[in-house]
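Listed below are the residues making up each chain.
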Amino acid sequence: MAKRKSGRDVHGIVLLDKRLGVSSNQALQEVRRLFNAKKAGHTGALDPLATGLLPLCFGEATKVSALMLDDDKRYQVTIQLGVMTDTGDSEGKIVAEMPMPALDDRRLQSCLQHFTGPIEQVPPMYSALKHQGKKLYELAREGKTVERQPRAITIYELHLLSVDAEAGQLTLDVFCSKGTYIRSLAEDIGHWLGTCGTVTALRRTKAGMFDLDQAYTLQQLQAMDFAQLQNTLIALDVPLQSIPDVSLSLEQAEKIKLGQRIVFSGGMAGQVRIYSPEAFLGLGEILLDGKLAPKKLFHLDSQST
């Protein structure tokens, strides 16, 4: 007989301000223990070097984590020019050093304009992408390099926050699409400026609809009792607000909960959020024949204390 997972049925999203030097999974497990939650996951890992906004999903909220991975992100990054490392950040081994260019304002603004908009980016070797079933960072640790195909991404905004010409450091605000590697962007910016570059500091300030100023540090969460921790949980339908919603009767809701399609005359088609008179049920799709089909249902009947 399979062993049942111990812990509480906790459902919702906690916004964590991840501290420097820990992996995203380590940060997740620390918060999971505070809630004694049965099930938990995060939405897009931050490297140990990176800090900032890390949405953590508990219980049924883990079912929306894949959707949140597609969210746009915002970062503040500091780039050290004249240095290149094997990992693309200051945790790696220096593999090249080049003279630092003149950092006049016109040249910097031209550089930022060049990388703003739809661009192609080659993912770094130190990434979780797979090659023939093996993660790239595993190959990189073995000293191997494989060819990576460029991927289409979008840099919506790229702003210069500060420049230290003497030290050769740039601090940028980057608003980007999913799949953007800031380490690769730092290297590409260095190359465009006629040198090389590596990330020395990285902080995520926005993920989808969530901002860093909504997040809690581990220390803040540790200081809370369980009732206060419960109040930090964001309902799992909140990040789904861009999807149209439909309201059902109790009778319709019972059929949907049984996985049945129902006739729906709402005059729309496509993906929808489904609500009963009592609660959020999940996601469904209104088909061309006018029927509403359940696609991803959530079981929120119990949230033990």
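Along each chain, residue indices are assigned from 1 in the same order as the chain's sequence is written. Per-residue local features of the predicted model are confined to residues with pLDDT of at least 70, and side-chain atom pairs are confined, for both listing and counting, to 80 or more; whole-chain, interface and lining totals are unaffected and use all residues. To obtain the side-chain values, all non-hydrogen atoms of the structure were included, while hydrogens and water were left out.

If you check an unreviewed UniProt entry, the chain appears there as tRNA pseudouridine synthase B from Methylomonas rosea. Entered under Catalytic activity (unreviewed entry) in the UniProt record, the comment concerning the chain runs "uridine(55) in tRNA = pseudouridine(55) in tRNA". The record held by UniProt for the chain lists under Sequence similarities (unreviewed entry) the comment "Belongs to the pseudouridine synthase TruB family. Type 1 subfamily." UniProt positions are given in the numbering used here, feature names are shortened, and annotations may be inferred rather than shown by experiment.

### Describing the nonpolar core
The set of buried Ala, Val, Leu, Ile, Met, Phe, Trp, Tyr and Cys residues whose side-chain atoms join them within 4.5 Å is what this entry labels a nonpolar core. Think of it in three bands: with a 1.4 Å probe and only protein chains considered, a residue is buried below 20% of the maximum accessible area for its type, exposed above 50%, and partly exposed in between. The biggest cluster of nonpolar side chains holds 44 residues, and the ones touching the most others in it are F35, F58, L172, V174 and I189. Ignoring any residue separated from it by four or fewer positions in sequence, one finds I189 in contact with I79, C111, F115, L170 and L172. Two residues qualify as a contact provided that any one of their heavy atoms is within 4.5 Å of a heavy atom in the partner residue.

### Details of the sheet that holds strand β15 (residues 262–263)
Any two strands between which DSSP finds at least two bridges are classified as paired. Secondary structure elements follow DSSP: runs of H or I no shorter than four residues count as helices, runs of E no shorter than two count as strands, and numbering proceeds from the N terminus. Spatially, β14-β16-β17-β18-β15 is the arrangement adopted by the 5 strands of the open sheet, whose pairing is mixed. With one partner strand each, in any of the chains shown, β14 (245–247) and β15 form the two edges of the open sheet. Strand direction decides the pairing type here: strand β16 (residues 270–275) and strand β17 (residues 280–286), joined by 6 bridges, are antiparallel. Bridge pairing links Q271 to E285 in β17.

### Structural notes on the side chain of T87
Within the secondary structure, T87 is located in the loop between β5 (83–85) and β6 (94–97). Judged by relative accessible area, which is 13%, T87 ranks as buried.

### Some points on helix α3 (residues 105–114)
What α3 keeps buried is the set L108, C111 and L112. Seen from one end, α3 has its buried residues packed into an arc of 95°, which puts them on one side. Exposed side chains of α3 directed beyond 90 degrees from the buried face belong to R106 and Q113. Of the surrounding elements, those touching the buried residues of α3 are β10 (151–164), β11 (169–176) and α5 (182–192). By arc we mean the arc of the directions from the helix axis to the C-beta atoms, nothing more.

### Describing the pattern of salt bridges
A pair is scored as a salt bridge if a Lys or Arg side-chain nitrogen falls within 4 Å of a carboxyl oxygen belonging to Asp or Glu. Within this structure, the stated rule accounts for 12 salt bridges. In this structure, D17 and R203 form a salt bridge, with 2.8 Å as the shortest nitrogen-oxygen distance. Of this pair, D17 sits in strand β1 (residues 12–18) while R203 sits in strand β12 (residues 197–207), and the two are 186 residues apart along the sequence. Among the residues examined, D17 registers a relative accessible area of 16% and is labelled buried. On the accessibility criterion, R203 (29% relative accessible area) is partly exposed. Note that K295 and E285 form a salt bridge whose closest N and O atoms lie 3.9 Å from each other.

### Regarding the environment of Q80
When you line up the elements, Q80 lands in strand β4 (residues 73–81). Note on Q80: relative accessible area 15%, which makes it buried. Considering only alpha carbons, one finds Q80 and G190, 110 residues apart in sequence, at a separation of 8.6 Å. In contact with Q80, other than residues within four places in its own chain, are M100, A167, G168, Q169, C196, G197, T198 and T200. In the analysis that follows, any N or O atom pair within 3.5 Å is treated as a polar contact, provided that within protein one partner can donate a hydrogen and the other can accept it, and provided that, for residues neighboring in sequence, both atoms belong to side chains. One polar contact links the side chain of Q80 to the main-chain carbonyl oxygen of A167, over a distance of 2.9 Å. At 2.9 Å, the side chain of Q80 and the side chain of Q169 are in polar contact.

### What about the packing of aromatic side chains?
Note on ring pairs: Phe, Tyr and Trp rings are taken, using the six-membered ring of Trp, and paired if centres are within 6.5 Å. Classes follow the plane angle, with under 30 degrees stacked, over 60 edge-to-face and the rest tilted. Scanning the model with the defined rule gives 5 aromatic pairs in all. Judged by centre distance (5.2 Å) and plane angle (35°), the ring pair of F35 and F58 falls under tilted. With F35 in helix α1 (residues 24–35) and F58 in strand β3 (residues 50–58), this pair connects stretches of sequence that are 23 residues apart. Assessed through its relative accessible area of 0%, F35 is described here as buried. Judged by centre distance (5.1 Å) and plane angle (45°), the ring pair of Y275 and F280 falls under tilted. We classify Y275 as buried; its relative accessible area is 16%. In this structure F280 comes out as buried when scored by relative accessible area, which is 9%. Aromatic ring contacts, followed pair by pair, group F35, F58 and F226 into a single cluster.

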